[in-house]
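# Examining the three-dimensional arrangement
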Amino acid sequence: MRIERSPRAPRWGFFLRAETMHGYYSWRDDLPDAPPSLHTMSHGESFNALLDEVLDHPHYVSGLACLDEPEAALSFSSTLRWLASLDRMRSRGTQVICATHSPVLAALPGATILELGDWGIRESAWEDLELVRLHRGFLDAPGRYLRHLLE
């Protein structure tokens with residue numbers, strides 16, 4: 001992959017990684033005129049606040065958002081909310097790169113899906129993703145999985 005930027009390209013970007021968000025929240029708290037602290041919220045609430053205040057804010061019309069497993073903090077309904085926000089961000093010109101284990105986030109219409117596995121990297125359709133197949137299999141018959149896991 002090669003990143004190229006023209007002189008007039010947007011300078012905005014954000015990298016979200018669930019494991020490092022505590023440090024980002026502390027940095028934010030130290031800013032002059034700091035917005036409300038994200039440390040006072042639950043993990044999911046803080047991710048949703050970050051979505052509203054930074055990632056899906058209309059001020060950030062374009063740029064790059066790199067998201068590393070944002071679903072780690074999210075309930076099912078919040079994941080749907082993020083899906084809608086990712087679509088709005090894309091429509092405003094933000095390029096979104098999202099590493100996810102969520103079949104919901106992977107379902108974003110128009111997304112280019114690259115699946116990583118023992119085979120390497122391949123482009124895939126949503127319905128052909130291993131994570132979609134596994135989630136469907138579990139939801140169709142949890143007992144098939146649970147009998148091997150629980151005694």
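Check the entry above for the structure.
Throughout what follows, the structure given in this document is the object of discussion. This one's a predicted model, so the numbers in the text were calculated from it and none came from an experiment.

## A short note on the overall build of the chain
Assigned secondary structure in the chain consists of six helices and five strands. Helices (α) and strands (β) of the chain occur, in sequence order from the N terminus, as β-α-α-β-α-β-α-β-β-α-α. Viewed in the frame of its principal axes, the chain has a C-alpha envelope of about 55 × 40 × 25 Å. The buried share of the chain, taken over its 151 residues, is 32%. Intrachain contacts of the chain at a sequence separation of at least 6 include 60% that bridge at least 24 residues. In the form shown here, the chain has an accessible surface area of approximately 10,100 Å², with 56% of it arising from carbon and sulfur atoms. Computed over 15 positive and 21 negative side-chain charges, the inter-centroid distance for the chain is 6 Å.

## Digging into the side chain of Asn 48
Here Asn 48 shows up in helix α2 (residues 43-55). Setting aside residues up to four positions removed in sequence, Asn 48 forms contacts with Leu 74, Ser 78, Arg 81 and Trp 82.

## Here we look at the side chain of Glu 115
In this fold, Glu 115 is placed in strand β4 (residues 114-117). A relative accessible area of 6% means that Glu 115 is categorised as buried. Among residues more than four places away in sequence, those in contact with Glu 115 are Gly 120, Ile 121, Arg 122, Ser 124, Asp 128, Leu 129, Glu 130 and Leu 131.

## Things to note about helix α3 (residues 76-91)
Between its terminal C-alpha atoms α3 stretches 23 Å, which fits the 22 Å expected from 16 residues at 1.5 Å a residue. For α3, the set of buried residues is Ser 78, Thr 79, Trp 82, Leu 83, Ser 85, Leu 86 and Met 89. In this fold, the buried residues of α3 make contact with β1 (13-17), α2, β2 (63-68), β3 (94-99) and α4 (103-106). Immediately beyond the C-terminal end of α3, within one or two residues, lies Gly 93, with a positive phi of roughly 105 degrees.

## Thoughts on the sheet that holds β3
Taken in spatial order, the three strands of this open sheet run β1-β2-β3, and their pairing is parallel. Whereas interior strands pair on both sides, the edge strands pair on one side only; in this sheet they are β1 and β3. Neighbour to neighbour, the strand axes of the sheet diverge by 5 degrees on average, direction disregarded. Both β1 and β2 contribute to a ladder of five bridges, which runs parallel. When the bridges of β2 are listed, Arg 17 appears paired with Asp 68. Packing of α3 onto the sheet brings it into contact with β1, β2 and β3, and relative to β3 it is tilted by some 145 degrees.

Analysis parameters
- Residues numbered from 1 in each chain as written.
- Predicted model: local features only at pLDDT ≥ 70, side-chain atom pairs only at ≥ 80, totals over all residues.
- Heavy atoms only, no water.
- Helix = DSSP H or I, 4+ residues; strand = E, 2+ residues; numbered from the N terminus.
- Buried < 20%, exposed > 50% of the residue type's maximum accessible area, 1.4 Å probe, protein only.
- Contact = heavy atoms within 4.5 Å.
- Areas by Shrake-Rupley, 256 points an atom, 1.4 Å probe, with all protein chains shown as cover.
- Lys, Arg positive; Asp, Glu negative; His and termini not counted.
- Charge placed at Lys NZ, Arg CZ, Asp CG, Glu CD.
- Expected span 1.5 Å × (residues − 1).
- Pairing = 2+ DSSP bridges.
- Axes fitted to C-alpha atoms, helices over the stretch in contact; angles between N-to-C directions.

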